[in-house]
Amino acid sequence: MKIDVLTLFPEIILGPASQSILKRSQESGLLNLNVVNIRDFAFDKHKKVDELPYGGGPGMVMRPDVAYRAVQSVLEKDSMLIMMTPSGGMFDQRMAASLAEKDKLVILCGHYEGVDERIRLLCNPLCLSIGHYVLTNGALAAAVVIDAVVRLIPGVLGNAQSLEEESFSTTDEETIEYPQYTRPREFMGLNVPDVLLSGDHLKIKKWRQEEALKRTREYEETVKKMAIQQEQ
Ligand code: ADE
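Read on for an overview of the structure. Keep in mind that what you see is a predicted model, and the values were worked out from it rather than measured.

1. Digging into the site of the ligand
And step 1. Neighbouring the ligand are Met84, Thr85, Pro86, Leu128, Ser129, Ile130, Gly131, Tyr133, Val134, Leu135, Gly138 and Ala141.
And step 2. Contacts to the ligand include Gly131, whose backbone N or O atom sits 3.2 Å from a nitrogen atom.
And step 3. Calculation on the ligand without its partners gives an accessible area of 260 Å², and the protein chains cover 97% of this total.
And step 4. Contributing elements (two or more residues each) for the shell around the ligand: β5 (80-90), β7 (126-129) and α6 (138-150).
And step 5. No other element matches β5, which puts three residues into the shell around the ligand.
And step 6. A per-class count over the shell around the ligand returns eight nonpolar, four polar and no charged.

Below, the structure written as structure tokens:
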């Protein structure tokens, strides 16, 4: 897969991309990652990429002419263009799986108060948000998307079974992953649950489903309590 990332902060992408599985996937040729600095496409000698918003309001908006030039420099006929923005559709495991099937992604990272709307109108990107909160810029969000997508490219993880098992719990968006245990069998007085040592796969599956549900309910309770505290 080829991924071009257009950002004002290449280091935010290059840091995670130089570690662990993302690093190995590039070394093995499964991922071709190209990080482009949007500032290189500015028109003036000050390399200005942002302006005040028409109509007033806080912050700065990325200029459409600069962003458009950056997009056109890498976009190919068969690329899928994505724009990271808090006003996009919610990125999830299902979207990660469908993006993992593409050959070429171009990811435009917004900054400031966003990107001039004409980029959306002219380039029709798939707008993605990674959550209902506002980050200082889209590069952090793009790093999350890249990580979630690349690990699903066949051959990247090498352990197909772990992906298969995971998909049963993580495509069900409402459920949190079950607890995992490894060696040692006893740690600070806490033992690995007997069921995991039983070798009974049906029992283990059932236990994991129950624990995943328990965790999900506990998390929902915590979220509710936090919301109540915030109201007070
Ligand atoms: N840019 C700023 N916040 C973001 C978010 N939550 N998701 C995607 N891009 C963003």
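2. Digging into a nonpolar patch on the surface
And step 1. On the surface, Tyr133, Leu135 and Leu140 cluster together to form a nonpolar patch covering roughly 260 Å² of accessible area.
And step 2. Within the element layout of this structure, Leu140 appears in helix α6.

3. Thoughts on the packing of aromatic side chains
And step 1. Counted under the stated rule, the structure contains zero aromatic pairs.
And step 2. Directly above the ring of Phe43 sits Arg69, whose terminal nitrogen or CZ lies 4.1 Å from the centroid.

4. Notes on α6
And step 1. Under the 1.5 Å per step criterion, the end-to-end length of α6 is 18 Å for 13 residues, consistent within 8% with the ideal 18 Å.
And step 2. The element α6 is extensively covered by neighbouring structure, given that ten of its 13 residues are classed as buried.
And step 3. Residues Gly138, Ala139, Ala141, Ala142, Ala143, Val145, Ile146, Ala148, Val149 and Val150 constitute the buried set of α6.
And step 4. For α6, the N-terminal cap is Asn137; the gap from its side-chain oxygen to the backbone nitrogen of Ala139 is 2.7 Å.

Conventions adopted
For every chain, the first residue of the written sequence is number 1, and numbering continues from 1 onward in sequence order. Reporting of local features is limited, given that this is a predicted model, to residues whose pLDDT is at least 70; pairs of side-chain atoms are given and counted only at 80 or more, and all residues count toward the totals for whole chains, interfaces and linings. Only hydrogens and water are set aside when side-chain values are computed; all heavy atoms of the structure are taken into account. Near residues are defined by distance, with any heavy atom within 4 Å of the molecule or strand qualifying the residue. Here a polar contact is recorded for every N or O atom pair within 3.5 Å, except that within protein the pair must consist of a potential hydrogen donor and a potential acceptor, and residues adjacent in sequence are included only if both atoms are side-chain atoms. Surface accessibility in these figures is a Shrake-Rupley result with a 1.4 Å probe; residues are shielded only by whichever protein chains are displayed. Runs of E in the DSSP output that reach at least two residues are strands. Runs of H or I that reach at least four are helices, and both are numbered from the N terminus. Three classes are used, and their members are as follows: Ala, Val, Leu, Ile, Met, Phe, Trp, Tyr, Cys and Pro are nonpolar, Asp, Glu, Lys and Arg are charged, and the others, Gly among them, are polar. Surface patches are drawn from residues lacking salt bridges whose relative accessible area is over 30%; two like charges belong together within 9 Å, two nonpolar side chains (Val, Leu, Ile, Met, Phe, Trp, Tyr) within 5 Å. Any carboxyl oxygen of Asp or Glu that lies within 4 Å of a side-chain nitrogen of Lys or Arg is treated as forming a salt bridge with it. Stacked, tilted and edge-to-face are the three classes applied to pairs of Phe, Tyr and Trp rings, where Trp contributes its six-membered ring and a pair requires centres within 6.5 Å; stacked means planes under 30 degrees apart, edge-to-face means over 60, and tilted covers the rest. Consider the ring centre and the ring normal. A charge sits over the ring if Lys NZ or Arg CZ is within 6 Å of that centre and within 35 degrees of that normal. Expected span of a helix: the number of residues minus one, times 1.5 Å. Any residue under 20% of the maximum accessible area for its type is buried, any over 50% is exposed, and the rest in between are partly exposed; the area is computed with a 1.4 Å probe on protein chains only.

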